[in-house]
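Structural description and commentary
Residue strings, one per chain:
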Amino acid sequence: MSAYTTVVVGTDGSPTSYVAVERAAAVARDSDAQLVLVSAYTPASREDTAEAEDALGAEAYQVRGWTPAEEALRTAEDKAAAVGARTITKVAEDGAPVDVLRKAVVDHGADLLVVGNKGLNTLSGRILGSVPSDVARRSGVDVLIVHTT
């Protein structure tokens with residue numbers, strides 16, 4: 001029996017989040033576990049989208065719907081596959097990162113949640129909380145906080 005059966009990892013498309021994705025993919029590979037890549041997003045207002053569409057012209061698809069989250073997930077999937085993760089699922093969902101990650105853990109029956117440490121050692125992170133500290137307290141499963149910064 002492997003240590004973990006389902007590993008959830010969050011990505012926002014940042015280089016540091018991809019470090020966490022690669023670590024999660026290695027754990028999934030070594031445990032022969034399913035890897036669930038999660039990206040939380042908040043839809044832009046119609047005014048913001050229209051302004052961006054005007055500026056982007058033919059490239060306007062980049063700001064419609066959840067395209068930025070989808071792009072982050074495609075890149076994360078490529079990185080995870082390169083590390084050797086075999087079973088990969090992608091989830092883009094509207095909501096706050098902590099809530100979306102917790103929901104993914106429940107929805108997929110995950111037994112490990114992987115996040116980067118970004119925000120953990122900042123003043124605002126210590127005062128207001130950060131994604132890593134919040135999920136560590138509230139996820140209900142093992143949490144691996146990857147040193148990414």
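The structure contained in this document is the topic of the report that follows. (Residues numbered from 1 in each chain as written. Predicted model: local features only at pLDDT ≥ 70, side-chain atom pairs only at ≥ 80, totals over all residues. Heavy atoms only, no water.)

Details of the sheet that holds strand E5 (residues 142-146)
This is how it is decided: Two strands are counted as paired when DSSP detects at least two bridges linking them. Secondary structure follows DSSP: runs of H or I at least 4 residues long count as helices, runs of E at least 2 residues long count as strands, and numbering of each begins at the N terminus. Structural elements are reduced to axes, namely lines fitted to C-alpha atoms, with helices fitted over the stretch in contact, and the angle between N-to-C directions of any two is expressed from 0 to 180 degrees. We call two residues contacting when some pair of their heavy atoms lies within 4.5 Å.
The five strands are arranged E3-E2-E1-E4-E5 in an open sheet whose pairing can be described as parallel. Edge positions in the sheet fall to strand E3 (87-94) and E5, since each of these pairs with one other strand and no more. With strand direction ignored, the average angle separating the axes of adjacent strands in the sheet is 20 degrees. In the packing of helix H1 (residues 15-31) onto the sheet, contacts are made with strand E1 (6-10), strand E2 (34-41), strand E4 (112-116) and E5, and the angle to E1 comes to roughly 175 degrees.

With respect to the pairing of E4
Operational definition: The rule is simple: take the accessible area with a 1.4 Å probe, protein chains only, and divide by the maximum for that residue type; under 20% is buried, over 50% is exposed, in between is partly exposed.
With five of its five residues buried, E4 lies for the most part within the structure. Of the two faces of E4, both are covered, the one formed by Leu-112, Val-114 and Gly-116 as well as the one formed by Leu-113 and Val-115. Strand direction decides the pairing type here: E1 and E4, joined by three bridges, are parallel. In the sheet register, Val-8 faces E4, and the bridge partner there is Leu-113. Here E4 runs beside E5; their pairing, made up of five bridges, is parallel. Pairing of Leu-112 across the sheet is with Asp-142, part of E5.

Comments concerning H1
Applicable threshold: To estimate how far a helix should reach, multiply one less than its number of residues by 1.5 Å.
The first and last C-alpha atoms of H1 sit 25 Å apart over 17 residues, in line with the 24 Å expected at 1.5 Å per residue. Count one or two residues on from H1 and you reach Asp-32, which has phi positive near 50 degrees.

Some remarks on the nonpolar core
Basically, it comes down to this: As used in this record, nonpolar core signifies buried Ala, Val, Leu, Ile, Met, Phe, Trp, Tyr and Cys residues forming a set joined through side-chain atoms within 4.5 Å.
Formed by 20 residues in total, the largest nonpolar core has its most connected members in Val-7, Val-9, Val-21, Leu-35, Leu-37 and Val-114. For this core, the secondary-structure elements that each account for two or more residues are E1, H1, E2, helix H3 (67-83) and E4. If you tally residues by element for this core, the top one is H1, at seven residues. With sequence-adjacent residues up to four places away left out, Val-21 is seen in contact with Val-9, Gly-10, Thr-11, Leu-37, Ala-76 and Ala-80.

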